[in-house]
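Chain residues, written in single-letter form:
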Number of protein chains: 2
Amino acid sequence: MITMREIAMDEEQLNFRNDLLQAMGPQERELLLPHLEPIALEVPLILEMENSSVHDVYILESGLASIVASFPGGRDIEVGIVGREGMTGAAVILGGDQAANRTFMQVSGHGFKLPAAVLSQAMEESRALRGLLFAYVQTLLAQTTSTVLANGHAKLEERLARWLMVHDRTDGATIWLTHEFLAVMLGVRRAGVTVALHLLEGKGLIRSTRRQIAILNRQGLIEEAHGSYGAAEEEYRRLIGRHLARWPPS
Amino acid sequence: MITMREIAMDEEQLNFRNDLLQAMGPQERELLLPHLEPIALEVPLILEMENSSVHDVYILESGLASIVASFPGGRDIEVGIVGREGMTGAAVILGGDQAANRTFMQVSGHGFKLPAAVLSQAMEESRALRGLLFAYVQTLLAQTTSTVLANGHAKLEERLARWLMVHDRTDGATIWLTHEFLAVMLGVRRAGVTVALHLLEGKGLIRSTRRQIAILNRQGLIEEAHGSYGAAEEEYRRLIGRHLARWPPS
DNA sequence: GCACCTCTGTACGCTATTGCACAGTGTATT
DNA sequence: AATACACTGTGCAATAGCGTACAGAGGTGC
């Protein structure tokens, strides 16, 4: 196994794309570094399974993972997203061992795998690391809260606009996924997504072709989301972004 | 100010109705006890305000508090509930100082007020207390997650049935509140609540009269909720209930 | 006892979204 | 080049829930 420690030695300068790793001080990072295993994260890799022990947590450098809850009866819905601004393993951060929800890769990317036990131990040793990761859990809560709001009050088109803002967490302006997939994430009908995408496209906010959606007008999408986008992101900025120079991206 | 410490000295035996206080070991409780100030919690007391510092947290012995998120544009929706199974101040538990959402009393009761600084200090000192409260934060997350699911996939009548199960956290089988209030909590129209209540009443699950709703058939309500009730409660049992003999109530 | 206010019951037309179904189009396979 | 499959586009009747409006019922204050 090649660890990031060894890579770092060669490269002298560490440059993580993950915001949490970036936000850590050198001391905290040093606790984790020797155990970070670079790994390709391909769709549809499952990172955590509901009601199952979490052996490893994943820190994303690129790509996106969805946290979904299952409705008894087979229907799923997305309750959170993890990109390069975060990591999986909220339960581990909170001292638990079982995941409450399934988390899987939704857009391929890469990142690091870290044994849950190492993370727990490092948090034990570093107060600053605890502070950062607890702050991150708060942002996850804010994200879920914001999703409750969107699902409760916003129309499909607004929710779709909100969702498409995940492109904040990706590189480039194109998101690769199918309408079917979006439908599951939003908990709506596939055909409904198709129609809503056309509406957004008609307004010049996106361009949608087979399996891909290009974001043309970021600001316009935010407005289209009618307030359902923003609160969670503001919370991230407040809690974690202050450690970072580069948030929001671009 | 009369603290619980002094009361305890008189009474010899402590008997808290709050499940967290009950689940704590004697040592952890001892850290908090001298600072717990008994307090009446009347509707519509605001316990936390969004984007404001949290000076005190509240540990409920009876009554119910709602955690609501605001949709820009004035519409609110409930994202969590706190009763005698929990406490306010999730942000404080996670080392923060600002609340993300508003929390207010929804059914009058009583409980204890505890300075946030004391809680932080106590958590600093006791590993067991940290463990318990982090577990509680996990249950809050589970609750919010479950709400996403319900808002996303469940019909009004099902969501109402799910909501009415809050009576788990109250004493007696009657809940006192108006249709208007329920409508805000569920993020739906007042008239819709009226109709849905009649449907449930028609099935013999509840009896609804002015300002009050009596639960007649707990199990029936759970079935009516079609799976949107249960997951969060199971999580509570797993994470915290094991410390308690008396969960679920009755 | 009367006036007033809050809360509940009910109605009606409207909109968003669903479930279902099927046709068309792009991409990969052989 | 032909075939197969996955994905997208579209239509239609059905339904859930909305906005609005108003009448009746229950409780409170004078």
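As the structure is a computational prediction, the values presented were derived from the model and not from experiment.

Some points on the interface of chain A and chain B
- Of the residues lining the interface, 33 residues belong to chain A; the matching set on chain B comes to 33 residues.
- Listing elements by their share of the side of chain A that touches chain B, those giving two or more residues are β5 (76-82), α4 (90-93), α6 (127-153) and α11 (231-239) of chain A.
- Per element, the largest residue contribution to the side of chain A that touches chain B is 15 residues, and it comes from α6 of chain A.
- For the side of chain A that touches chain B, a count of residues per class yields 17 nonpolar, 14 polar and 2 charged.

Some remarks on the domain arrangement of chain A
Residue and element names in this part refer to chain A.
- Taken domain by domain, chain A holds domain 1 (15-127) and domain 2 (156-249).
- Each partner contributes to the interface: domain 1 provides 16 residues, whereas domain 2 provides 15 residues.
- The element contributing the most residues to the side of domain 1 that touches domain 2 is β5, with 4 residues.

Notes on the protein's contact with DNA strand C
- Residues in close proximity to DNA strand C total 18 residues, the closest being L156, V188 and G192 of chain A together with T178 and A191 of chain B.
- Of all the secondary-structure elements, those providing two or more residues to the surface near DNA strand C are α7 (156-164) and α9 (190-202) of chain A together with α8 (179-186) and α9 (190-202) of chain B.
- No other element matches α9 of chain B, which puts 5 residues into the surface near DNA strand C.
- A class-by-class count of the residues in the surface near DNA strand C yields 6 nonpolar, 5 polar and 7 charged.

Concerning the packing of α6 of chain A against helix α6 (residues 127-153) of chain B
- It is at 8 Å that the axes of α6 of chain A and α6 of chain B come closest, and there the two elements cross at 20°. Our classification of the angle between α6 of chain A and α6 of chain B gives roughly parallel. In this structure, the crossing between α6 of chain A and α6 of chain B has a hand that is left-handed. For the pair formed by α6 of chain A and α6 of chain B, the contact residues are L141, T144, T145, T147, V148, N151 and G152 of chain A on the first element and L141, T144, T145, T147, V148, N151 and G152 of chain B on the second.
- For the contact of α6 of chain A with α6 of chain B, the class distribution of residues is 4 nonpolar, 10 polar and no charged.

Concerning the relation of the copies chain A and chain B
- Once chain A has been moved 0.0 Å along the axis and rotated by 180°, it coincides with chain B to within an RMSD of 0.0 Å. What the superposition gives is, in effect, a two-fold axis relating one chain to the other. Distance from the rotation axis, computed per C-alpha, reaches its smallest value in chain A at V148 of chain A: 2.3 Å.

Criteria and cut-off values
- Residues numbered from 1 in each chain as written.
- Chains lettered and ligands numbered in written order.
- Predicted model: local features only at pLDDT ≥ 70, side-chain atom pairs only at ≥ 80, totals over all residues.
- Contact = placed C-beta atoms within 7 Å.
- Helix = DSSP H or I, 4+ residues; strand = E, 2+ residues; numbered from the N terminus.
- Nonpolar A, V, L, I, M, F, W, Y, C, P; charged D, E, K, R; others polar.
- Domains from an automatic or database assignment.
- Near = placed C-beta within 6 Å.
- Axes fitted to C-alpha atoms, helices over the stretch in contact; angles between N-to-C directions.
- Parallel < 35°, antiparallel > 145°, perpendicular 65-115°, else oblique.
- Left-handed = near helix turned anticlockwise from the far one by under 90°.
- Least-squares fit on C-alpha atoms with pLDDT ≥ 70 in both.

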